[in-house]
Amino acid sequence: MGRRERDRAPPVNSPARPRSALGPSGGGSRRGTGQLPRRSLLIGVGLLPFVVAGCGTRGAEDAPVTGDEDLLREHGFADADAQEIIDQLEALPVAERPQNLIASVTATSLQLSDDAGREAELPLPPDQFYLSVAPFVEATHECAFHSLTTCRGELRNREISVSVVDSSSGETLEDGTHTTHDNGFVGFWLPRGITAELTCALEDVTGTVSISTQAEDDLTCLTSLQLT
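Note that this is a predicted model, so its numbers are computed, not measured.

Conventions we followed
- All residue numbers refer to positions counted from 1 along the written sequence of the respective chain.
- Only residues with pLDDT of 70 or above have their local features reported here, since the model is predicted, and side-chain atom pairs are shown and tallied only from 80 upward, although totals for entire chains, interfaces and linings are computed over all residues.
- Neither water nor hydrogens contribute to the side-chain values; these are computed over all heavy atoms in the structure.
- To qualify as a helix, a DSSP run of H or I must reach at least 4 residues; to qualify as a strand, a run of E must reach at least 2; elements of each kind are numbered from the N terminus.
- With a 1.4 Å probe rolled over the protein chains alone, any residue whose accessible area is under 20% of its type maximum counts as buried; one over 50% counts as exposed, and the rest are partly exposed.
- All accessible-area figures derive from a Shrake-Rupley calculation using a 1.4 Å probe, and residue coverage is judged against the displayed protein chains alone.
- Think of it this way: DSSP has to see at least two bridges between two strands before they count as a pair.
- As a per-residue measure, pLDDT reflects the predictor's confidence and takes values from 0 up to 100.
- Any two residues whose heavy atoms approach within 4.5 Å are treated as being in contact.
- In this description, a nonpolar core means a group of buried Ala, Val, Leu, Ile, Met, Phe, Trp, Tyr and Cys residues linked to one another through side-chain atoms lying within 4.5 Å.
- To get an axis, fit a line to the C-alpha atoms, keeping to the stretch in contact for a helix; angles then go from 0 to 180 degrees between the N-to-C directions.

A closer look at the overall build of the chain
Okay, step 1: For the chain, the helix and strand inventory stands at two helices and 17 strands.
Okay, step 2: Counting only residues that meet the buried cut, the chain has 51% of its 228 residues in that class.
Okay, step 3: Summed over its atoms, the accessible surface of the chain is roughly 10,200 Å², and 48% of this surface lies on carbon and sulfur atoms.

Written as structure tokens, this is what we have:
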């Protein structure tokens with residue numbers, strides 16, 4: 001099907017500050033659990049195999065850019081690496097997000113395309129994995145790889161408490177309060193190569209889900225975490 005976002009399914013009706021390697025408060029009397037499926041889904045409108053057009057320097061380290069660097073310059077990303085672009089776009093108010101840009105995050109790269117047909121790809125840090133989480137109470141959508149410009153979650157600008165615990169070591173990677181962005185998501189830069197339990201709480205509802213940052217088809221868009 002090509003790399004395509006899976007965030008356009010109809011709503012499903014039923015009933016993020018880092019403390020260490022990652023990057024708000026509530027309690028809960030009830031906990032909902034779920035498993036995070038692995039699905040080899042490809043997203044990104046018009047994201048076909050890229051042609052190398054050149055390399056660029058991003059931040060302090062060399063980060064090869066595959067595709068059209070004019071796309072990066074015209075959208076203000078000429079000197080930014082993938083992590084900086086992701087953090088910038090995720091935090092934008094919905095009304096300010098570029099309408100002519102698709103920015104999709106896979107397990108290994110940030111993939112960009114615009115309405116002029118240009119495409120570019122930047123690698124993610126080799127030791128970090130980006131997971132964007134949209135907990136929900138009543139309505140959600142199916143998604144595999146996060147679209148920074150089009151994905152929308154139910155709980156916009158809400159303070160939630162989040163904890164992430166490494167399943168193997170028991171180390172607490174995250175335990176703090178976060179405010180979801182205007183798109184209803186909150187993003188975390190996690191260590192690559194782990195499995196963990198992620199718990200979110202909002203007022204008196206909570207939910208827990210297993211997550212993985214090990215495989216190239218692991219999800220970067222978590223929309224299955226229902227708070228009950």
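Read on, since the account is not over.
Description of the pairing of strand β13 (residues 172–179)
Okay, step 1: In this structure, strand β12 (residues 159–166) lies alongside β13, joined through seven bridges in antiparallel fashion. If you follow I160 over to β13, its bridge partner there is H178.
Okay, step 2: Hairpin geometry of β12 and β13 is characterised by an intervening segment of five residues between the two adjacent antiparallel strands and by a positive phi of about 80° at G170.

Looking at the sheet that holds strand β7 (residues 109–114)
Okay, step 1: Judged by pairing direction, the sheet is antiparallel, and its five strands sit side by side in the order β5-β8-β7-β6-β11 without closing on themselves. Where the open sheet ends on each side, the last strands, each with one partner, are β5 (66–67) and β11 (146–147).
Okay, step 2: Examined bridge by bridge, β7 and strand β8 (residues 119–123) share five bridges and lie antiparallel to one another. For L110, the partnering residue across the bridge sits in β8 and is L122.

Considerations on the confidence of the model for the chain
Okay, step 1: For the chain, mean pLDDT is 80; residues scoring 70 or higher make up 72% of the total.
Okay, step 2: In this model, residues 1–22 is a region of pLDDT below 50 whose contacts with residues beyond four sequence positions or in other chains number 83 contacts.
Okay, step 3: Across residues 24–60, where pLDDT falls below 50, the model places 134 contacts with residues more than four positions away in sequence or in other chains.

What about the nonpolar core?
Okay, step 1: Counting residues in hydrophobic clusters, the biggest one holds 23 residues, and the most contacted among them are L131, V133, V164, L198, C200 and I211.
Okay, step 2: Secondary-structure elements contributing two or more residues to this core are β9 (128–133), β12, β14 (186–191), β15 (195–202) and β16 (205–212).
Okay, step 3: Counting residues per element, this core draws most heavily on β15, which supplies four residues.
Okay, step 4: Those residues in contact with L198, other than ones at most four positions away along the chain, are L131, V133, S163, V164, G207, T208, V209, I211 and L225.

Brief notes about the sheet that holds strand β17 (residues 221–222)
The pairing of strands in a sheet comes from backbone hydrogen bonds and takes either a parallel or an antiparallel form.
Okay, step 1: Pairing within the open sheet is mixed, and its three strands lie in the order β14-β9-β17. Edge strands, defined here as strands with exactly one partner in the open sheet, are β14 and β17.
Okay, step 2: In this structure, β9 lies alongside β14, joined through six bridges in antiparallel fashion. Across the sheet, the residue bridging to Q128 is P191, located in β14.
Okay, step 3: This element, helix α2 (residues 82–91), spans β9 and β14 of the sheet and lies at about 10° to β9.

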